[in-house]
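The lines below spell out each chain.
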Amino acid sequence: MKQYFQEEHFMLQEMVRDFATNEVAPIAEAMDREERFPVELIPQLAELGLLGIPFPEAYGGAAMDTMAYTLVIEELARVDASVAITVAAHISLGTSPIFLFGTDAQKDQHLSNLISGKYLACFGLTEPEAGSHASGTQTTAVRDGDEWVINGAKNFITNAGYSGVCNLTAVTDPDAKRPGGISVFMVNPKTPGFIISPPEKKMGWRGSDTRALTFENMRVPADTLLGELDVGFKQMMTALIGGRISVAAMSLGVADGALSAALKYSNEREAFGKKIHRFQGIGMKLAEIATEIEAARHLVYHASYVKDNGGDVVNAAAMAKLKASEVAVRATDFAVQAHGGYGYIKEFPVERYFRDAKALTIGEGTSEVQKLVILKRLMKGL
Ligand SMILES: Cc1cc2nc3c(=O)[nH]c(=O)nc-3n(C[C@H](O)[C@H](O)[C@H](O)COP(=O)(O)OP(=O)(O)OC[C@H]3O[C@@H](n4cnc5c(N)ncnc54)[C@H](O)[C@@H]3O)c2cc1C
């Protein structure tokens, strides 16, 4: 895969790998067991520049490309998916919309703070009755003088308990044909009427923060409208392209982490007097999984390249996310199987990888939704 990299990518990869090994790996099992958000890692991530990889230096960012960002997320996920999704949601979903669509004043207000880790950002798109059908938003924003009054609810919002700004969608023109008539507001969670539920109890990503939000007659100033009125759905879908590439990158990390564990174990464990990788059922499968991960990696790195250099990035991101997340589920399933009974015991990390992998096929558009995106393009080509 070296053809995708320049010197700066190798240096970044090594730096993040060291950080993940030395700072994240020692606490990964406890974060999962205790369902604890690793708040102490945020200043360290900021210090290393990992909260601002794709953003301009003027705001404190590293001004690096999508390939660099992809590598960061992959390396973090190789050790811990919770830390990876915390960073990915902060960058792709929380900070990018402000960078891409915010006015200069809005960027000045938030970007430096987000990149320096003063606060995190979150992305409120999913609602109790609008998940895959995200344009079915029921949250409303009604203009009242210099303010908007927002009522509604959001579900499963990553980083919601640790954010200083939440980008949320609301219907601003109920008569418009959807997905028009939806706008994004950048809301301070301390605003009266912004109600944050306790963290969800999850199967995986247990060190990440996921919460439901409710808005009750929440009054926000007019200048919290992100960019232009009534184009919020388009803005969020643009942010989701980056988000899907980052979930695809996470998938590579999780899959690779599981494969490494399976390789190591199968070279240590013996049965019937042989190392278990010598049995075809294990050895051939290890080779198959490694090949699947490599195929997925090409799609993910290609999508990263297309995002920066032009091409059909919507399709490339959908294919990368679909393939990589499904490979992560298969790779982690096999890693548990290769560990036999020990794979089912928490002392070994593969059961955590297995649980973490499943969310990858759901968050930021399910596998079925990625297939709909891909199919739409196939039908257009007829
Ligand atoms: C841990 C976690 C973190 C998340 N973080 C965020 C976040 O930060 N911000 C945010 O806004 N959202 C977030 N989400 C929400 C996530 O994006 C949604 O859960 C996802 O988009 C699916 O929506 P849903 O849960 O309503 O499922 P539904 O839309 O109800 O789907 C249920 C099932 O039906 C299938 N389905 C639905 N429509 C179709 C169709 N047309 N064709 C075929 N199959 C279909 C789906 O694929 C799925 O299998 C998070 C979710 C999780 C689990």
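Residues numbered from 1 in each chain as written. Predicted model: local features only at pLDDT ≥ 70, side-chain atom pairs only at ≥ 80, totals over all residues.

Regarding unusual backbone geometry
Trans peptide bonds make up the majority, and among non-glycine residues the majority have a negative phi. Between Arg178 and Pro179 the backbone carries a cis peptide bond, its omega angle lying at 10°. One can find Pro179 in the loop between strand 4 (163-171) and strand 5 (182-187). In this structure, Ala63 is a non-glycine residue whose phi angle is positive, near 50°. Assignment of secondary structure puts Ala63 in the loop between helix 2 (41-47) and helix 3 (66-79). A tally of 13 C-beta atoms within 10 Å means that Ala63 is categorised as partly exposed. Positive phi, normally seen in glycine, also occurs at Trp205, with a value near 50°. Within the element layout of this structure, Trp205 appears in the loop between strand 6 (194-196) and strand 7 (210-221). (Helix = DSSP H or I, 4+ residues; strand = E, 2+ residues; numbered from the N terminus. Buried ≥ 20, exposed ≤ 12 C-beta atoms within 10 Å, placed from the backbone.)

Considerations on the nonpolar core
Formed by 117 residues in total, the largest nonpolar core has its most connected members in Leu76, Phe185, Met250, Val300 and Ala335. Of the residues forming this core, the biggest block, 18 residues, is contributed by helix 6 (residues 232-268). (Core = buried A, V, L, I, M, F, W, Y, C linked by C-beta atoms within 7 Å.)

Focus on the domain arrangement of the protein chain
When cut into domains, the protein chain gives domain 1 (2-120), domain 2 (122-230) and domain 3 (234-380). The distance between the C-alpha centroids of domain 1 and domain 3 comes to 20 Å. Every contact between the two is made by 24 residues of domain 1 and, on the other side, 24 residues of domain 3. When contributions to the side of domain 1 that touches domain 3 are tallied by element, the ones reaching two or more residues are helix 1 (7-34), helix 3 and helix 4 (81-101). A class-by-class count of the residues in the side of domain 1 that touches domain 3 yields 14 nonpolar, 4 polar and 6 charged. (Domains from an automatic or database assignment. Contact = placed C-beta atoms within 7 Å. Nonpolar A, V, L, I, M, F, W, Y, C, P; charged D, E, K, R; others polar.)

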